[in-house]
Amino acid sequence: MAEAELPPLYAKVCGKLRSRSPRPPLEALLSLGVPEHRAQKALAATGRKSSEEAAAWLRAHHHDPNLDDPIPQEYALYLCPSGPLATSLQEFWVESERQCSRNRAHESFPHITLCDFFTCEDRKVDGLYEALKKAGDQFASSFPPVVSLNLHSSSSYIGFFISAGPAEVLKSFAVAFATEASMLADCRVKAGTKQLHLTLAHKFSPHHQWTLEQLAKAISPSQRCQWTASLYSRDMRFVNYKTLRVLYQYRPQNHDELLLNPGDLVYVDQSQQEEASTGWMIATCHQSGCRGLVPENYLERVSESEAWVKQRTYAFTPAQGLSPSLPRDTTARPKKPERTLYINSVSKSLDLQLTPSVSVRRRLLVVRHGERVDQVFGKSWMQQCLTADGRYTRPDLNFPASLPPRSDGAQGFELDPPLSSCGIFQARLVGEALLEQGLTVGSVYSAPAVRCVETAHHILHSLKIHTTVPIRLEPGLFEWAKWESSRGVPPFMSLSELSDAGYNIDAEYRPCLAVSSLAATESYEDFTNRCSAAVKSIIRHCEQKAGDVLIVGHGSALDSLTRPLLGLPPKDSSEFAQLVRKVPSLAMCCCVEEEGRWQMTAPPVKALTHGSNSAFHWSFIV
């Protein structure tokens, strides 16, 4: 039925419905009785997308102690890529973290900074949106068809610098936005005045420079790209905090703990953790604003930009960034490109560059031993498992099924404790993971402590090479002997005793340091020199041997054995001690030698994380 044929009253109602505009989000929140300052705060924190999202944010922050604080959001204007270039940059982000661990660039996504972070009152944010649109419209026709990127590398920075012509246009656009924002939103915005750049890596370890450079060279900066000016905001209170994501649900057991749901984000200030117990952290929840204790092993580190809010964007012409040598008409199928010129995967491109002129010669894995018995049952664990006549019994399933005989009797394990049942399981699990990754271990070295020998044995057992690859005992791998000063360096099991217990020990190996050289009076400098000499001796010993090198030691080994290879000086002794306390069972570091230089890379297997399991007795029930 045509509108002219509708009854007059019905047509009048339809006209009103068509002309009625949706209620603005602020008005909708105010109609619900929300105070204006809270409504404005919620809208700013959610990007002013809808009243529903703002209302949900207010419900989540019902117990936020800072809900009424007049603290505005911080805003920044970035130029962000999309399309094939963005895909290559994201691949670089993933691969650089996998091979070289995190650096400062991983705290956000690929972007060109146009305006530094600035503050804007919650009630004036609409003015920023209008400023972005006005500046974008002003430069839409003059935006450069190609934003030329030139790779630059130094010992602490790798990234693309923007060519002079396009950079001047981008700076003018940033100035136009800053000018409009000052008039429309009454805020001071500082447009970028330094050379514009797109950072790939920043504040990384010097020994990672070569690998990062090769990954960066695999990115083709002439790929198609659409550039978008994006306005982001963040909570200025947590600028210097670490951002972590919740992995598992956690329901509070005490009033000072936080409720955690998978995917939630929390902020952690490392300088405010004195009051937290071991394994716990004091955190503020991004979703609720509440502060409390959270279990550390329920969290994983993420980029700080994960908690940012994308407020508004202005996309420039979709055809931006086309290389002049490439046709704009994509309907015709182009000729098949040369394999070495067009590669989407950064990692594949790096492989091509490394072969055959550069090859990965050797890989070194340094692993901490598994959970030991006294770690679970305390220093008096021997009193729980020895009968009056000295026989070993198993009072708990986490005690080992049996203890091997040794010349100093079962009491010898008091100073040289074995693995717990869980420790054995941990070692086998890591071995299975290494097997799945196809690792070929050719040489194995272990500190003389029985827990280290057992860990090496069970890893090799899962790799199915425990009968063919012997364990070489190296006393130089033992932890800092000063930590044994109260009881003295423990008497270790002999080679024959370990062999009789079923461990495949290399009796022909001659260590670089004798057990008798270990002394409880050892200084920190002596310890670091000893570890440096031990690991370098091991590398020389394996010079002509095939396969990866596995070292099983103590928590200190992950630092004291890798830094000498990387050419880094020892940490301060107090910093070293704090680090060792945080190294969990079966933690692993991986070093790879490339062109005679050793570099730290991501371990070939994932980390092993688990929670505690308290003691239980059936009588608790009745």
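Residues numbered from 1 in each chain as written. Predicted model: local features only at pLDDT ≥ 70, side-chain atom pairs only at ≥ 80, totals over all residues. Heavy atoms only, no water.

Colleague: Account for the layout of surface pockets, with residues named and values stated.
Modeller: For the second largest pocket, the calculated volume is near 910 Å³. If you trace the second largest pocket, you find 36 residues lining it, with Tyr 78, Arg 104, His 111, Thr 113 and Asp 116 closest to the centre. Secondary structure elements with two or more residues in the lining of the second largest pocket: strand 2 (112-120), strand 5 (197-202) and strand 7 (242-246). If you tally residues by element for the lining of the second largest pocket, the top one is strand 2, at five residues. A breakdown of the residues in the lining of the second largest pocket according to their chemical character gives 14 nonpolar, 12 polar and 10 charged. (1 Å grid on protein atoms, 1.4 Å probe; cavity = no way out; pocket = protein on both sides within 12 Å on 5 of 7 lines; lining within 4 Å. Points joined across faces, edges and corners; volume = space filled by probe spheres on them. Helix = DSSP H or I, 4+ residues; strand = E, 2+ residues; numbered from the N terminus. Nonpolar A, V, L, I, M, F, W, Y, C, P; charged D, E, K, R; others polar.)

Colleague: Describe the pattern of salt bridges, naming the residues involved and giving the relevant values.
Modeller: Two side chains bearing opposite charge may form a pair once their charged atoms approach each other closely. A full pass over the atoms with the stated rule returns 26 salt bridges. Across the salt bridge formed by Glu 107 and Arg 102, the nearest N and O atoms sit 3.5 Å from each other. Measuring nitrogen to oxygen at the nearest pair gives 2.7 Å for the salt bridge that ties Asp 408 to Arg 406. (Salt bridge = Lys/Arg side-chain N within 4 Å of Asp/Glu carboxyl O.)

Colleague: Account for the nonpolar core, with residues named and values stated.
Modeller: Ranked by size, the top nonpolar core spans 74 residues in total, and within it Leu 364, Leu 434, Ile 459 and Ile 551 carry the most contacts. When near neighbours in sequence (up to four residues on either side) are disregarded, Ile 459 contacts Val 367, Ala 427, Val 430, Gly 431, Leu 434, Leu 550 and Leu 586. Of all hydrophobic cores here, the second largest spans 55 residues; its members include Val 147, Ala 167, Leu 200 and Leu 231. (Core = buried A, V, L, I, M, F, W, Y, C linked by side-chain atoms within 4.5 Å. Buried < 20%, exposed > 50% of the residue type's maximum accessible area, 1.4 Å probe, protein only. Contact = heavy atoms within 4.5 Å.)

Colleague: Could you give an account of unusual backbone geometry, with specific residues and numbers?
Modeller: One non-glycine residue, Asp 186, adopts positive backbone phi at about 55°. Mapped onto the fold, Asp 186 is located in the loop between helix 7 (164-184) and strand 5.

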